[in-house]
Amino acid sequence: MRVLSIAPDTTVTELDLPEADADSAIPHHIGATDAVDQGVYHRRALLHIHGGRRVIGLAQNITAWALASAGRGIALYPIHGPVIGTGRAQGGGVVGLDDELAEHVHAVAQTVRETWGGAPMTLVKG
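Everything quoted here is computed from the prediction, not taken from an experiment.

## Quick word on the nonpolar core
One recurring pattern in soluble globular proteins is that nonpolar side chains are buried together.
Thought 1: Ranked by internal contacts, the top residues of the largest apolar core, which has 20 residues, are Y41, L47, I79, L97 and V105.
Thought 2: Sorting the residues of this core by element identifies β1 (2–6), β4 (45–50), α2 (62–72) and α3 (99–116) as the ones contributing at least two each.
Thought 3: When residues of this core are assigned to their parent elements, the largest contribution, 6 residues, is made by α3.
Thought 4: In contact with I79, other than residues within four places in its own chain, are L47, I49, A59, Q60, N61, A64, W65 and A68.

## Some words on the pattern of salt bridges
Thought 1: One pass over the full model with this rule turns up 3 salt bridges.
Thought 2: The residue D98 makes a salt bridge to R44 at a minimum N-O spacing of 3.0 Å. Taken together, the positions of D98 in the loop between β6 (94–95) and α3 and R44 in the loop between β3 (36–42) and β4 put the pair 54 residues apart, joining distant regions of the chain.
Thought 3: For R44, a relative accessible area of 22% gives the class partly exposed.
Thought 4: Residue R44 pairs with E100 through a salt bridge whose shortest N-O separation is 3.5 Å. Here the residue R44 occupies a position in the loop between β3 and β4, and E100 occupies one in helix α3, the gap between them amounting to 56 residues.
Thought 5: If you follow the salt bridges from partner to partner, you end up with R44, D98 and E100 in one network.

About the thresholds
- Residues numbered from 1 in each chain as written.
- Predicted model: local features only at pLDDT ≥ 70, side-chain atom pairs only at ≥ 80, totals over all residues.
- Heavy atoms only, no water.
- Core = buried A, V, L, I, M, F, W, Y, C linked by side-chain atoms within 4.5 Å.
- Buried < 20%, exposed > 50% of the residue type's maximum accessible area, 1.4 Å probe, protein only.
- Helix = DSSP H or I, 4+ residues; strand = E, 2+ residues; numbered from the N terminus.
- Contact = heavy atoms within 4.5 Å.
- Salt bridge = Lys/Arg side-chain N within 4 Å of Asp/Glu carboxyl O.

Structure below.
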């Protein structure tokens, strides 16, 4: 299942997680050993965020914050550390991210990079 890892430096990495084991693979990809917060940023998408992000001093993730703020239509609390973006099933479960939302994530990351200083987009497939 396709998910996107969104790093604080605006790098977006495509990951292919096993569908049956995605919930247990996500913490590994954001460096969490215990709590992972999950937030709905779009009716069809979720952000998975390190639960101890502020306490352990992770860098702010402006791309994830921009996605969440735009999707919710309001400014939200800062988001820190690496974040995983996934699709959201009708029942609220985790599914792969569809092409439209993946393109949206990449576009937001590009806009944040350009706003920060015109750094070229980095797309890493993993």
